[in-house]
Amino acid sequence: AQKITQTQPGMFVQEKEAVTLDCTYDTSDPSYGLFWYKQPSSGEMIFLIYQGSYDQQNATEGRYSLNFQKARKSANLVISASQLGDSAMYFCAMREGNQAGTALIFGKGTTLSVSS
Amino acid sequence: GAVVSQHPSRVICKSGTSVKIECRSLDFQATTMFWYRQFPKQSLMLMATSNEGSKATYEQGVEKDKFLINHASLTLSTLTVTSAHPEDSSFYICSARSQTIGAEQYFGPGTRLTVT
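Residues numbered from 1 in each chain as written. Chains lettered and ligands numbered in written order. Predicted model: local features only at pLDDT ≥ 70, side-chain atom pairs only at ≥ 80, totals over all residues. Heavy atoms only, no water.

Caption draft 1: Fine view of the interface of chain B and chain A. Opposite the 19 residues of chain B that make contact, chain A presents 22 residues. Of the roughly 1,600 Å² buried where chain B meets chain A, counting both sides, 58% is carbon and sulfur surface. On inspection of chain B and its partner chain A, the count reaches zero salt bridges. Where chain B meets chain A, there are four residue pairs in polar contact (both at pLDDT 80 or more). Elements with a contribution of two residues or more to the side of chain B that touches chain A: β4 (32-38), β5 (44-51) and β9 (90-96) of chain B. Broken down by class, the residue content of the side of chain B that touches chain A amounts to nine nonpolar, seven polar and three charged. (Contact = heavy atoms within 4.5 Å. Buried area = accessible area lost by both parts, 1.4 Å probe. Salt bridge = Lys/Arg side-chain N within 4 Å of Asp/Glu carboxyl O. Polar contact = N/O pair within 3.5 Å; in protein donor to acceptor, adjacent residues only side chain to side chain. Helix = DSSP H or I, 4+ residues; strand = E, 2+ residues; numbered from the N terminus. Nonpolar A, V, L, I, M, F, W, Y, C, P; charged D, E, K, R; others polar.)

Okay, here's the thing in structure tokens:
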């Protein structure tokens, strides 16, 4: 079974509008971390936001917020006030446990296109 | 934030030759580094986990004799693609996590390998 599921291959949004990118995860480990990364066409992986499984509040970083619903095992990324520069591939990822030696596992990604 | 560098950023080689890719953590020590491969429009797939001073751990389906990993110091891991073939053409990304900075996993800018 897939650990990280992103069901939206592509999303389209107009400038200044908000957009939600979906992510569901599967783990039996009570300690885990959820990440969102942005990958523009240059290929670099840009860290956006992190949510720990024990965090009581939803994570926020500027225009990015993570809608963490633990019982549903979902960790959707909300981008408010979209900008043209937000057009990129977005990946949801999970790390099970909290050891430095545990890798991130990625979803298939969602391509976001922002139009003017 | 912490920086991970990769060298080279792009490489073109002939079929049958070997290529070495370097991954360095510039301002932190990383006992563990991760190597991912990404085909166009696809997700990052974990190839192996590189451990300083010991053998790398390879994911299922990744040939350890073809993708040689050496993690000789706390700031350097290398991936050597031996006897490269056109199907090895891909985007290779390394990643590392600081033991002291926090939960974030830092990514290098990636190396685009083209085998002709």
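Caption draft 2: Layout of the packing of aromatic side chains. Applying the stated criterion across every chain, the model contains 14 aromatic pairs over all chains. Relative to tyrosine 36 of chain B, the ring of phenylalanine 106 of chain A lies with its centre 5.5 Å away and its plane at 85°, an arrangement referred to as edge-to-face. Of this pair, phenylalanine 106 of chain A sits in strand β11 (residues 105-106) while tyrosine 36 of chain B sits in strand β4, on two different chains. For phenylalanine 106 of chain A, a relative accessible area of 9% corresponds to the buried category. Taken together, the ring pairs connect Phe35, Tyr37, Phe47, Tyr50, Phe91 and Phe106 of chain A together with Tyr36 and Phe107 of chain B into an aromatic cluster. The positively charged end of arginine 63 of chain A is found above the aromatic ring belonging to tyrosine 64 of chain A, 5.6 Å away from the centroid. The positively charged end of lysine 66 of chain B is found above the aromatic ring belonging to phenylalanine 67 of chain B, 6.0 Å away from the centroid. (Phe/Tyr/Trp six-rings, centres within 6.5 Å; stacked < 30°, edge-to-face > 60°. Buried < 20%, exposed > 50% of the residue type's maximum accessible area, 1.4 Å probe, protein only. Lys NZ or Arg CZ within 6 Å of the ring centre and 35° of its normal.)

Caption draft 3: Representation of the side chain of glutamine 38 of chain B within the structure. Along the chain, glutamine 38 of chain B turns up in strand β4. A polar contact of 2.8 Å, which involves the side chain of glutamine 38 of chain B, links it to the side chain of glutamine 39 of chain A. Here the side chain of glutamine 38 of chain B touches glutamine 42 of chain B through a polar contact of 2.8 Å, landing on its backbone oxygen. Apart from residues lying up to four places away in sequence, glutamine 38 of chain B is in contact with Gln39 and Phe91 of chain A together with Ser43, Leu44, Ser90, Phe91 and Ile93 of chain B.

Caption draft 4: Quick look at the nonpolar core. If you look at the biggest cluster of nonpolar residues, it comprises 26 residues, and the most contacted ones within it are Val4, Phe28, Trp35, Phe67, Leu79, Tyr92 and Leu113 of chain B. The set of elements that each furnish at least two residues to this core consists of β2 (10-13), β3 (19-25), β4, β5, β7 (67-73), β8 (76-81), β9 and β11 (111-115) of chain B. Those residues in contact with leucine 79 of chain B that lie beyond four places of it in its chain are Val19, Lys20, Ile21, Trp35, Phe67, Leu68, Ile69 and Tyr92 of chain B. The next biggest cluster of nonpolar side chains, apart from the first, holds 24 residues, and it includes Tyr64, Ala75, Tyr90 and Cys92 of chain A. (Core = buried A, V, L, I, M, F, W, Y, C linked by side-chain atoms within 4.5 Å.)

Caption draft 5: Quick look at the pairing of strand β9 (residues 74-79) of chain A. All names here are of chain A. A large share of β9 lies buried, amounting to five of its six residues. Pairing geometry for strand β3 (residues 19-21) and β9, over three bridges, is antiparallel. Residue valine 19 lies in a different strand from β9, and its bridge partner there is isoleucine 79. Sheet topology places strand β8 (residues 64-69) next to β9; six bridges connect them, and they run antiparallel. For serine 65, the partnering residue across the bridge sits in β9 and is valine 78. With antiparallel pairing between neighbouring strands as the criterion, β8 and β9 make up a hairpin whose turn holds four residues, including lysine 73 at a positive phi of roughly 55°. (Pairing = 2+ DSSP bridges.)

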